[in-house]
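Summary of structural features
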Amino acid sequence: MGSKDIGGGTVAEVPQVRRRSLADDARGSDDLRLLANDLAQALRDGSLYLHYQPIYESASGLPIALEALARWNVPDRGAISPLEFVRAAEQYGLIGQLTEWVLSSACREASRWKLELQVSVNLSPLNLRDASLVPTVERVLKETGLSPSRLVLELTEGSIIDRSEDRGASAA
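Keep in mind that what you see is a predicted model, and the values were worked out from it rather than measured. (Residues numbered from 1 in each chain as written. Predicted model: local features only at pLDDT ≥ 70, side-chain atom pairs only at ≥ 80, totals over all residues. Heavy atoms only, no water.)

Description of the packing of aromatic side chains
Put simply, the test is: Any pair of Phe, Tyr and Trp rings, taking the six-membered ring for Trp, is counted once the centres come within 6.5 Å. Such a pair is stacked with planes under 30 degrees apart, edge-to-face with planes over 60 apart, and tilted for the rest. Per the convention used, a helix needs a DSSP run of H or I reaching at least four residues, while a strand needs a run of E reaching at least two, with both numbered from the N terminus. Think of it in three bands: with a 1.4 Å probe and only protein chains considered, a residue is buried below 20% of the maximum accessible area for its type, exposed above 50%, and partly exposed in between.
One pass over the full model with this rule turns up 2 aromatic pairs. Measuring from centroid to centroid gives 5.5 Å for Tyr-52 and Trp-113, while their planes differ by 85°, and the two rings are edge-to-face. Of this pair, Tyr-52 sits in strand S3 (residues 48–56) while Trp-113 sits in the loop between helix H3 (95–110) and strand S6 (118–123), placing them 61 residues apart in sequence. Looking at Tyr-52, the relative accessible area reads 19%, which means it is buried. For the pair Trp-72 and Phe-85, a centre-to-centre distance of 5.8 Å together with 85° between the ring planes defines the contact as edge-to-face. Taken together, the residues span a long stretch of sequence, with Trp-72 in strand S4 (residues 63–74) and Phe-85 in helix H2 (residues 82–91) at a distance of 13 residues. Taken individually, Trp-72 and Phe-85 each receive the classification buried, so the pair is uniform in this respect.

In structure tokens form, the structure reads like this:
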């Protein structure tokens, strides 16, 4: 890769990306379906786990919350990217189960913390369309004893942007 002189400035050349064929898309769809099947099994057998990322208050520098992030390691494949397994969950109807697992696990663990930090759980835009979201959150809070003031439900900017781009592309 080199660069090109364009009007006095330099722009790096971008390598050409091979166009995906219908066969590539079908293979990708099959891979995603297999991943979704494996994810359904992982949700049943408990092979997912949570990793916590601290969120700090800018003024004091003290932690105020821990963001619960789902992680999944598969013995024969290694760590599966959350981007991949969340996409599979969204496309194959598992996002509600995945969200409930993260929510239940995070609230149960947070209820045992010595510090009264908040716990943040990410939601998919698809969760917002699910009428069972609010009753599920209420049930999990009741079952775990976690105060509602300690739970933060977060819709990430990236997911909003991704969804708005999807709508724009489909409207074209």
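Having put the structure on the table, let's press on.
A closer look at the environment of Gln-91
Following the sequence through the fold, Gln-91 ends up in helix H2. The exposure class of Gln-91 is partly exposed, given its relative accessible area of 48%. Note: C-alpha distance between Gln-91 and Leu-126 (35 residues apart in sequence) is 9.9 Å.

Quick notes on H2
Applied cut-off: Counted as a polar contact is a pair of N or O atoms within 3.5 Å, where, for protein atoms, one must be capable of donating a hydrogen and the other of accepting one, and residues adjacent in sequence contribute only when both atoms are in side chains.
Along H2, the residues that are buried comprise Phe-85, Ala-88, Ala-89 and Glu-90. Where H2 begins, one side-chain oxygen reaches toward the backbone nitrogen of Leu-83, 3.1 Å away; that side chain belongs to Ser-81. A positive phi of about 75° marks Gly-93, the residue just after H2.

Remarks on the pattern of salt bridges
The following threshold applies: Whenever Lys or Arg places a side-chain nitrogen within 4 Å of a carboxyl oxygen from Asp or Glu, that contact is recorded as a salt bridge.
Using the criterion set out here, one finds 4 salt bridges in the structure. Put simply, Arg-139 and Glu-100 hold a salt bridge, and the shortest N to O gap is 2.2 Å. Here Arg-139 is found in helix H5 (residues 133–144), whereas its partner Glu-100 is found in helix H3, with 39 residues between them in sequence. The shortest N-O distance in the salt bridge between Glu-143 and Arg-139 comes to 3.4 Å.

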